[in-house]
There are 2 protein chains.
Amino acid sequence: MDLVWIAVISGILGAAAVAYFVRSVLRESPGTPRIREISTAIQEGAMAFIGREYRTLAAVVIVVAIILGLLGAVSPDLSWNAAIAFVFGAVCSMAAGYAGMNIAVRANGRTTAAAEKSLNQGLRVSFRAGAVMGLTVVSIGIIGISILYFVWHNDPQFIVIVPAYATGASLVALFARVGGGIFTKGADAGSDLVGKVEAGIPEDDPRNAAVVADFVGDNVGDVCGMGADLFESYVESIIASMTLAAIAVGIGVVADIQTAWYLPILIAAGGIIASIIGSFMVKVGETPEMGALLGALRRGTLSSSILTAAFSFLVIFFLKADIGLFWAVLGGLVAGVLMGEATSYFTSYSFKPTREISEASTFGAGATVIRGLAVGLESCWPSVILVGFATVIAYKFGGFYGVAIAATGMLSTLGVTLATDAYGPVADNAGGISTMAGLPPEVREKTDALDSLGNTTAATGKGFAIGAAILNALGLILSYGVAAGLVSVSPNGKIVATPELSLLNAPVIVGVILGGLLPAIFVAMTMKSVGITTGMIVEEVRRQWREIPGLREGTAKAQYGRCVDICTRAALRQMLAPALMTVIAPVVVGIVLGKYALGGFLVGALGTGFIIAIMFNNAGGAWDNAKKWIEAGNLGGKGSDAHKAAVVGDTAGDPMKDTSGPSLNIMLKLMAVISLLLAPVLSRFTGIF
Amino acid sequence: MDLVWIAVISGILGAAAVAYFVRSVLRESPGTPRIREISTAIQEGAMAFIGREYRTLAAVVIVVAIILGLLGAVSPDLSWNAAIAFVFGAVCSMAAGYAGMNIAVRANGRTTAAAEKSLNQGLRVSFRAGAVMGLTVVSIGIIGISILYFVWHNDPQFIVIVPAYATGASLVALFARVGGGIFTKGADAGSDLVGKVEAGIPEDDPRNAAVVADFVGDNVGDVCGMGADLFESYVESIIASMTLAAIAVGIGVVADIQTAWYLPILIAAGGIIASIIGSFMVKVGETPEMGALLGALRRGTLSSSILTAAFSFLVIFFLKADIGLFWAVLGGLVAGVLMGEATSYFTSYSFKPTREISEASTFGAGATVIRGLAVGLESCWPSVILVGFATVIAYKFGGFYGVAIAATGMLSTLGVTLATDAYGPVADNAGGISTMAGLPPEVREKTDALDSLGNTTAATGKGFAIGAAILNALGLILSYGVAAGLVSVSPNGKIVATPELSLLNAPVIVGVILGGLLPAIFVAMTMKSVGITTGMIVEEVRRQWREIPGLREGTAKAQYGRCVDICTRAALRQMLAPALMTVIAPVVVGIVLGKYALGGFLVGALGTGFIIAIMFNNAGGAWDNAKKWIEAGNLGGKGSDAHKAAVVGDTAGDPMKDTSGPSLNIMLKLMAVISLLLAPVLSRFTGIF
């Protein structure tokens, strides 16, 4: 029996667990009529956005597929099957995002209703919704790759077809993250500015026309966008390893190509089993407190990690691969866990860095901004050193292949880590619904407790996601290097550098410097887009207050749909430019400056992208929690000058941590995987030098 | 006759011009007794700070010199003469900074007095003070290198001794920039926060105990720090070319080593003559307006650039060097000028980017911060592309040597560009003195006009300085590559890459990623230091208001010296950590991860450092001018909510553009030059991989 059937079985088990959790969520009461009404509005808004976003996406995907197909028809090095695999990858990614969002919009109201009964019930519903998303992503991922394998693994072009699948997933992920990110933060910031700040009404007040758009944003950005994002990371971590199979054989860490393909697929399969077990371990007693809740989540993720390590050892042992590869997997796993912890240290108000931002706020908003940026920049060191460390270990034991396998190891527990991450937005929405439905404040308190826990796990999850993206992008860049012939691989798999790839060769060094520019431009574009969308929302809410009599007094109903519509159009229009830049830039660099410069370009982008991603994520998270620390009654509490200063930091940090930062992860991988996909073509260009 | 005598003559001519300008400044009236009193206080504060800073520096310099001497004594590849050259470089750098500051503190009050008479008189005095600084820096630079040349050019270790001189200059520059930067921005922000914001009294009001510290800061940070900074850039641009002489001979662009040494020295000499001529061309008629003033300054710098290009052509022609090198020089010159213009586009309120920040401010401070960061990041593209372009051109025509020569070309007009930059702080101080001395508001209006003009030229100058630093660092990294044997140079000078330097070799790629971290940590440290110092100043001014009866009412005198003292101590204590990290990091990376990883490390630091430096500089500049655009009466004008939001951006941007950003330039070069200096030792380490 082909061992890939084990992966298929793990995917089916994952799907079974998903079905169980979905049934468990849907069995819950959908709540009072008012809750149902709001839920329906959110559902409709989210579906309308996704419908339009996916239509735009379909157009882009078809155009790219046609180009790939034509390239495949004329070039002997490419296969037109790549076009099919590309579309398949795109469809899988869309499905993963859609499935996650679909359960989330149904779980929101049910979490509100459950939280009316008890905190523990609220946790159960929201966490199970998160688990649906986590396990859906990994199940679709592993089954998709298995299909790819069964259809094409005897095709001599298999190694060209596989990256096409990843490119499809990556392209969809970028659009979903950028589009969803612009939507969610535009709506969020606009609603806060015009409601909380300008009119002085509470958050999620029904008189604010932008509140429904804000809820919709949580689902299309934080849930659907994140699902597509991590689906991409997941499949790419497996695919990068598979494309480096020849290297693995050459340096003798595996016996043959087949084994080198099995290894990442089976490690991932083990990770799925571990994630299912971990998901069922998240349980608390009947009278839980926060510490117990957090403990429950941690128990789930930690036991999955340990199980994954054990499964990976068994896989390596039974495949008779070099045991050194186990150290690569372990390095990836440990680095992933520690990066999550480091993020939580720098962004939680239980620790010094965030508290120092709160204290700086007593000197005014300027000081808040300076200190927040400093914390964000400073917080880069653990992640950079951990990734460096994991790379060194992996390289020592498995060369290029080892680096890719380390990324596979890091991402193999995604099923459960994503669950702990995705439950946050559900709890957040549940809180909003409870306010908007006019439920008693105790309900909001309980959902806020869940939300705050979600923020902690989300911070950890984001740190993990950045680390995974970087290690993954590194694996893809190495694959590109092999595929484009930047390094030549001798018959025994040893890698021999071509002199043109010397770091101090002008094309390479100019490539590194140019590459460093791209992440900066990318985040600048997305931040600007959020700003523009925010402005449009503010105008619209003001207009409704001006023109709808009785709205300010709460006797008339706001036109929520208008704000949803504005965000939708703004997001769709503005997501195109950064996404197209990401797709086109590596191709242009490869053709104009040549394949060596493109290698430098990708590494340069990785270098600055890594720093900007962590800085944006952690500065944003720390500002958010510095504000919450003051709101908890410290340094003058809510309404004090320090609080006002802290709010400025939080507002500035929001698009950084929720739009620009997370999109950057995908952008780095997409540039690498496109280069890998087109490597057979790009390998003919040596540039104008 | 040795052609280096031409350089000596140009240095002497520069010194003569300096003497002329000094006399011209000192001949001006030092003003009313009150002006003189304030000037004296500033002078004393600045001298006290410099005295203590230089004593700390002397200790560090001596320790490093002893280490170098010992290394030289035990290692056959180093020379203990390097220790002497190192001390010589440090002393020259200190002298350059000191000389500039010494004239600045004398010109401040005289500019105030001259501005009482007319705008044109004010410009003349302040610009001439700037010219003293610019020409002093280049004269000391060229004479220093000439001395180095005459003493050691027959020494077989000449190529090891020369970088030691640059390292000395670089180390002093880093301390001066960081120390001065912490001093000036701590005092500035503290004084503004407690005075303008908290107590609502005007800027530079004598009741504010921190005002004198603020004035002192302008001199020790903006003048002395900048002088040491650009002195370093200047000598390093010449030295990087000299150390690559063997390459130049090998690829046949010059006939022999001697010519390869002459070329950068003589281009620099030509630049000094051009700068002297340019300085004398800055003149306006008796009834000038702003446009004419700016035109006068531009005329000065532009004609110097054209003259320098012409002189360089002659030098290349008469030395019978390959005419392609002229394109390298021209590429550097043009890139430098255009980078300055790009900076001015992104940071001046005459253009769209800055105005958009002003408009965003109407949505609150959060929007100001987001838009400012976006503008800063976006503004990286022209500079990165220009540096890339200059590098490609230079490399094509002169290989590694060409790149270094391009940097020499870019910096050769420093004498006059620095003059237009350094006159700004003098005008700024003159304005402060006029308010503090209670002169009529018309005087302040005139000095404000000069100051605003200074801001425009300073922005241009900063863009230029970053570009020069990057191209320079690149030249030094290439020198390191050759000196450490990362590339092997065949007998005919062709560069052959060693396979270990492949970009996709793990040590190199890990080096790039780790290197990218350093600039982030460095700016985080310096931003934090400014924040801490600001807090101390706020406390002290509050204390004086509490404890000195009559101070608030203006009947008692503030203890200005206390604030100067606090800033001095804070700056000296906090400048050590970032400076030591810069010195130690490359050595540790080189020893632990090996010389190839160190190559990657330096390039990685260059990549992120470039982006952070431009982003910090331009975001800071744009925030400053976005505020000024509102203050000019737009979008509600001074005191409006938009203005308050814009002030937050300005406060946050201040340490970014005046402390962290400019220090980063030096940091990148210092890491490169230390690696170059220690290359003979580091070349033995291949790391733990």
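Everything discussed here concerns the structure shown above.
A brief report on the enclosed structure follows. Note that the structure is predicted; figures quoted are calculated from it, not measured.

What counts, and where the lines are drawn
- Residues numbered from 1 in each chain as written.
- Chains lettered and ligands numbered in written order.
- Predicted model: local features only at pLDDT ≥ 70, side-chain atom pairs only at ≥ 80, totals over all residues.
- Heavy atoms only, no water.
- Helix = DSSP H or I, 4+ residues; strand = E, 2+ residues; numbered from the N terminus.
- Rg over C-alpha atoms; globule rule 2.2 N^0.38 Å.
- Contact = heavy atoms within 4.5 Å.
- Lys, Arg positive; Asp, Glu negative; His and termini not counted.
- Charge placed at Lys NZ, Arg CZ, Asp CG, Glu CD.
- Phe/Tyr/Trp six-rings, centres within 6.5 Å; stacked < 30°, edge-to-face > 60°.
- Patch = residues over 30% accessible without salt bridge, like charges linked within 9 Å, V, L, I, M, F, W, Y side chains within 5 Å.
- Areas by Shrake-Rupley, 256 points an atom, 1.4 Å probe, with all protein chains shown as cover.
- Salt bridge = Lys/Arg side-chain N within 4 Å of Asp/Glu carboxyl O.
- Polar contact = N/O pair within 3.5 Å; in protein donor to acceptor, adjacent residues only side chain to side chain.
- Axes fitted to C-alpha atoms, helices over the stretch in contact; angles between N-to-C directions.
- Parallel < 35°, antiparallel > 145°, perpendicular 65-115°, else oblique.
- Left-handed = near helix turned anticlockwise from the far one by under 90°.
- Nonpolar A, V, L, I, M, F, W, Y, C, P; charged D, E, K, R; others polar.
- Least-squares fit on C-alpha atoms with pLDDT ≥ 70 in both.
- Disulfide = S-S within 2.5 Å.
- Buried < 20%, exposed > 50% of the residue type's maximum accessible area, 1.4 Å probe, protein only.
- Expected span 1.5 Å × (residues − 1).

Moving on, we get to the overall build of chain A. For chain A, the count of helices and strands is 20 helices and 2 strands. The C-alpha atoms of chain A give a radius of gyration of 24 Å, which matches the 26 Å a tight globule of 689 residues would have. Each principal axis of the C-alpha distribution contributes one length, and for chain A these read about 75 × 55 × 45 Å. Sequence-distant contacts in chain A: of pairs separated by 6 or more residues, those separated by 24 or more amount to 84%. Distance between charge centres in chain A, computed from 44 positive and 46 negative side chains, equals 2 Å.

To continue, consider the packing of aromatic side chains. Summed over all chains, the structure comprises 36 aromatic pairs over all chains. On the numbers, 6.4 Å between centres and 15° between planes, the contact of B:F313 with B:F317 is stacked. One end of the pair is B:F313 and the other is B:F317, both in helix 9 (residues 290–318) and 4 residues apart, which spans about a single turn. With 5.2 Å between their ring centres and 85° between their planes, B:F313 and B:F326 make a pair best called edge-to-face. Highlighted residues: B:F313 in helix 9 and B:F326 in helix 10 (residues 324–347), separated in sequence by 13 residues. Here the aromatic residues A:W5, A:Y149, A:F150, A:F158, A:W261 and A:Y262 are joined through ring pairs into a cluster of three or more.

On the surface, A:F313, A:L314, A:F317, A:F318, A:I323, A:W327 and A:F397 cluster together into a nonpolar patch covering about 720 Å² of accessible area. With 4 residues, the single largest contributor to the nonpolar patch is helix 9 (residues 290–318) of chain A.

Each partner contributes to the interface: chain A provides 71 residues, whereas chain B provides 71 residues. Where chain A meets chain B, there are 4 salt bridges. One salt bridge connects A:K528 with B:E378, and the closest N-O pair in it is separated by 3.2 Å. Counting every contact that joins chain A to chain B gives 6 residue pairs in polar contact (both at pLDDT 80 or more). Elements with a contribution of two residues or more to the side of chain A that touches chain B: helix 12 (365–378), helix 13 (380–411), helix 15 (441–483), helix 16 (506–547), helix 18 (595–631) and helix 19 (641–677) of chain A. It is helix 16 of chain A that provides the largest number of residues to the side of chain A that touches chain B, a total of 19 residues.

Here the focus is the packing of helix 16 of chain A against helix 18 of chain A. Residue and element names in this part refer to chain A. Relative to each other, helix 16 and helix 18 sit at 40°, their axes nearing to 6 Å. In terms of orientation, helix 16 and helix 18 fall into the oblique class. The two elements helix 16 and helix 18 meet at a crossing, and its hand is right-handed. Residues P507, V508, G511, V512, L514, G515, G516, L518, P519, A520, V523 and M527 of helix 16 pack against Y596, A597, G600, F601, G604, A605, T608, G609, I612 and F616 of helix 18. In the contact of helix 16 with helix 18, the residues fall into 15 nonpolar, 7 polar and no charged.

Before going further, it helps to spend a moment on the relation of the copies chain A and chain B. Under the fitted operation, chain A is carried onto chain B by 0.0 Å of movement along the axis and a turn of 180°, and the coordinates agree to an RMSD of 0.0 Å. Between the two chains, the operation in question is that of a two-fold axis. With an isologous cut-off of 70% or more, the 100% of interface residues of chain A that recur at the interface of chain B puts this contact in the isologous class.

All names here are of chain A. The final tally for this structure, using the stated rule, is 0 disulfides over all chains. No disulfide involves C567; its nearest neighbouring cysteine sulfur is the one of C563, lying 6.8 Å away. With a relative accessible area of 0%, C567 lands in the buried category.

Compared with the 54 Å implied by 1.5 Å per residue over 37 residues, the 54 Å span of helix 3 (residues 81–117) of chain B between its first and last C-alpha is a close match. With 26 of 37 residues buried, helix 3 of chain B lies mostly within the body of the structure.

A separate point is the pattern of salt bridges. Evaluation of the coordinates by the stated rule reveals 64 salt bridges over all chains. Residues joined in a network through salt bridges with shared partners are A:K185, A:D188, A:K462, A:D624, A:K628, A:D654, A:K657 and A:D658.

Moving on to the environment of B:A556. When you line up the elements, B:A556 lands in the loop between helix 16 (506–547) and helix 17 (560–592). Between the C-alpha atom of B:A556 and that of B:S663, which follows or precedes it by 107 residues, the distance is 39 Å.

All right, on to unusual backbone geometry then. Notably, A:L635 is not glycine yet its phi reads approximately 55°, a positive angle. Its place among the elements puts A:L635 in the loop between helix 18 and helix 19.

Right, let's talk about the packing of helix 4 (residues 119–152) of chain B against helix 14 (residues 414–436) of chain B for a bit. Residue and element names in this part refer to chain B. Between helix 4 and helix 14, the shortest axis-to-axis distance is 7 Å and the interhelical angle comes to 135°. Accordingly, the angle class assigned to the pair helix 4 and helix 14 is oblique. Once helix 4 is placed against helix 14, the crossing between them reads as right-handed. For the pair helix 4 and helix 14, the contacting residues are L123, S126, F127, A129, G130, A131, M133, G134, L135, V137 and V138 in the first and L414, G415, L418, A419, T420, A422, Y423, V426 and A427 in the second. Tallied by class, the residues present in the contact of helix 4 with helix 14 amount to 15 nonpolar, 5 polar and no charged.

Attention now moves to the environment of A:R562. Residues and elements named next belong to chain A. Mapped onto the fold, R562 is located in helix 17 (residues 560–592). Considering only alpha carbons, one finds R562 and A213, 349 residues apart in sequence, at a separation of 8.8 Å. When sequence neighbours within four positions are dropped, the list of residues in contact with R562 reads E540, R543 and Q544.

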